[in-house]
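Next come the chains, spelled out residue by residue.
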Amino acid sequence: MENLQQFFENLMDDQEITITDYSCSKCKQVCKTKMLKKNIPNFSHIIIFTFNCQYCGYKNDEVRFKDEKKEKGIRLQLKIDHPSQLQRKIIRSQQCKISIPELELKIQTTKKSSINTLEGFIQISIDELSRDQSERKNCQGQLYSGIQFIIENLQQFKQGKRLPFHWIMEDPSGNSFIMNLNQSPQDESLDIQYFTREEEQFETIFKKQSDIKEDDIIQEEQPRPKQQFYLKIRGLPFQCTKQDLLNFLEMPRLKKENLMMKFQQNGLFNGEAYIQIFSIEDSDYLRTFHKSQMDHRYLEIFNSNFDEFQKAQQSNQYLKQRNPKIQSELSNLNEENEYQCKQQGVLKLRGLPWSSNEKDVRNFFQNNSKIKSVKLLYDDNGKAKGQCFVVVKNLETAEKLKKKYHKKSIGSRYIEVFICSQREYLDCFQKNNSDRKRSISP
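All of the points below concern the structure found in this document. (Residues numbered from 1 in each chain as written. Predicted model: local features only at pLDDT ≥ 70, side-chain atom pairs only at ≥ 80, totals over all residues. Heavy atoms only, no water.)

Our next topic: the overall build of the protein chain. For the protein chain, the count of helices and strands is 14 helices and 24 strands. Burial status across the protein chain gives 42% buried among its 442 residues. Residue pairs in contact within the protein chain that sit at least 24 positions apart in sequence constitute 68% of those at least 6 positions apart. On the protein chain, roughly 25,300 Å² of surface is accessible, and the fraction owed to carbon and sulfur atoms is 44%. (Helix = DSSP H or I, 4+ residues; strand = E, 2+ residues; numbered from the N terminus. Buried < 20%, exposed > 50% of the residue type's maximum accessible area, 1.4 Å probe, protein only. Contact = heavy atoms within 4.5 Å. Areas by Shrake-Rupley, 256 points an atom, 1.4 Å probe, with all protein chains shown as cover.)

Once that is clear, we can look at the nonpolar core. Counting 52 residues, the largest nonpolar core has I122, L154, W167 and L236 as the members making the most contacts within it. Broken down by element, this core gets its largest block of residues, six residues, from helix α4 (residues 141-158). By size, the runner-up hydrophobic cluster in this structure holds 18 residues, among which are L347, V374, A398 and I410. (Core = buried A, V, L, I, M, F, W, Y, C linked by side-chain atoms within 4.5 Å.)

In the structure shown here, the tally under the stated rule is seven salt bridges. With a closest N to O distance of 3.4 Å, E416 and R350 form a salt bridge. Taken together, the positions of E416 in strand β24 (residues 416-420) and R350 in strand β19 (residues 346-350) put the pair 66 residues apart, joining distant regions of the chain. Looking at R350, the relative accessible area reads 36%, which means it is partly exposed. Taken together, the shared-partner salt bridges in this structure form one network comprising R234, K291 and E300. (Salt bridge = Lys/Arg side-chain N within 4 Å of Asp/Glu carboxyl O.)

Now for the packing of aromatic side chains. This structure, assessed with the given rule, holds eight aromatic pairs. Aromatic pair Y230 and F309: ring centres 5.2 Å apart, planes at 45 degrees, arrangement tilted. Taken as a pair, Y230 in strand β13 (residues 229-234) and F309 in helix α8 (residues 306-322) lie far apart in primary sequence, 79 residues in all. Exposure class is identical for Y230 and F309. Each is buried. Cation over ring: K383 sits above W354, and NZ or CZ is 5.9 Å from the ring centre. When the ring centre of W354 is taken as origin, the NZ or CZ atom of R413, which lies over that ring, is 5.4 Å away. (Phe/Tyr/Trp six-rings, centres within 6.5 Å; stacked < 30°, edge-to-face > 60°. Lys NZ or Arg CZ within 6 Å of the ring centre and 35° of its normal.)

Strand order in the open sheet made by the four strands is β14-β15-β13-β18, with antiparallel pairing throughout. In this open sheet, the two edge strands, each paired with only one partner strand, are β14 (259-263) and β18 (300-304). Each adjacent strand pair in this sheet contributes to an overall mean axis angle of 25 degrees, direction not counted. Pairing analysis gives five bridges linking β13 to β18, with the strands arranged antiparallel. Bridge pairing links Y230 to S304 in β18. Sitting on the sheet, helix α6 (residues 242-249) is in contact with β13, β14 and β15 (269-277), with an inclination near 130 degrees to β14. (Pairing = 2+ DSSP bridges. Axes fitted to C-alpha atoms, helices over the stretch in contact; angles between N-to-C directions.)

Glancing now at the sheet that holds strand β20 (residues 371-378). The four strands are arranged β20-β21-β19-β24 in an open sheet whose pairing can be described as antiparallel. Edge positions in the open sheet fall to β20 and β24, since each of these has one partner strand only. When strand polarity is set aside, the average angle formed by the axes of neighbouring strands in this sheet is 25 degrees. Across five bridges, β19 lies against β24 in antiparallel orientation. Considered in β24, the bridge of V346 is made with C420. Where helix α12 (residues 395-405) meets the sheet, it contacts β19, β21 (384-392) and β24, and its direction lies at approximately 160 degrees from that of β24.

Any link to function would need more than the numbers given here.
Structure representation (structure tokens):
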């Protein structure tokens, strides 16, 4: 097949040819692809490839440019102050970013270059934003409301009911353009600025284009791997499990396999986790939890990447291989043994007199028969911390005892009673032997 430059040279303006040997990527039926060469006044020549499957209705339109490497990037700012402006034809390259400042909306780069009316591009944005709204409404109320506000305003723009607004296109490749309705070189509504690209930016844009094979000129868009995003959460409670984190984030479609908790050499969770997600909307939603509080700890959420996610994953795997005991501890934590964590209730008491013993604690609870064990805590020097764990029959019992005895007194000191997960209780017994002897009573 001839290369793209030869196509440009051989085709006349507005000449259309049809190629019939391309199969639909959806139904695999052989269909027609049409090529049309157009001269855009005050801009350049382009070729429009149009694929339309008469069997399943799939459509794919793409634009190719005569001069793939413009000398400078281009910034276009169009003021839409009349409904007729919505019918302007727009050429958008795949490197072009779009923004609407009135909505603080930014539309990122796409998989292919395309041509459409402004009204058509707005409708595409509405469709993309609306795609997951029904799911967001049920589980992400705040995000749903914000996106719905943008959708409603875009609909008003599209209908010409809210004017003026601005449509800004910034394209480092220099191939995007907004056509004038009357093809006049004078366009008062359009401001055009050219800028010099950074060398790295230039190479990034055109590296793949320079490697295009001749047989790939009119290929159907192939399925691409799902886009992935990674976030790092820091400051999680040390007793936090995957299920605890999922419950806290209230995001039903986030699965356990997309969470990766980071562990230390002793097999204990270090308070950091990585999350793998598949849309920018989910990333924005999770970032709203930055500086939020979970069990008296403030979380920090940062952007991460696949390399960090994989490195943490490899570290966990190394720990499992290094020590069978660590492997067992990590396995228990990763499997989220809900029975162990939830069926047995654990209370933590603070503010005990230094001289308190197990009998004093049982007397504080009036020798309740549902108390299974009492563990007093000591510091490294063997001095009492004024704290203890109380293991009871079940979580329901723990809640009743907390409600009844919280801030009751032993002598002149009032006692704080909290419910904690058994994970926090067990963490105290996963330290090394010397620490265990000093920090927990026999």
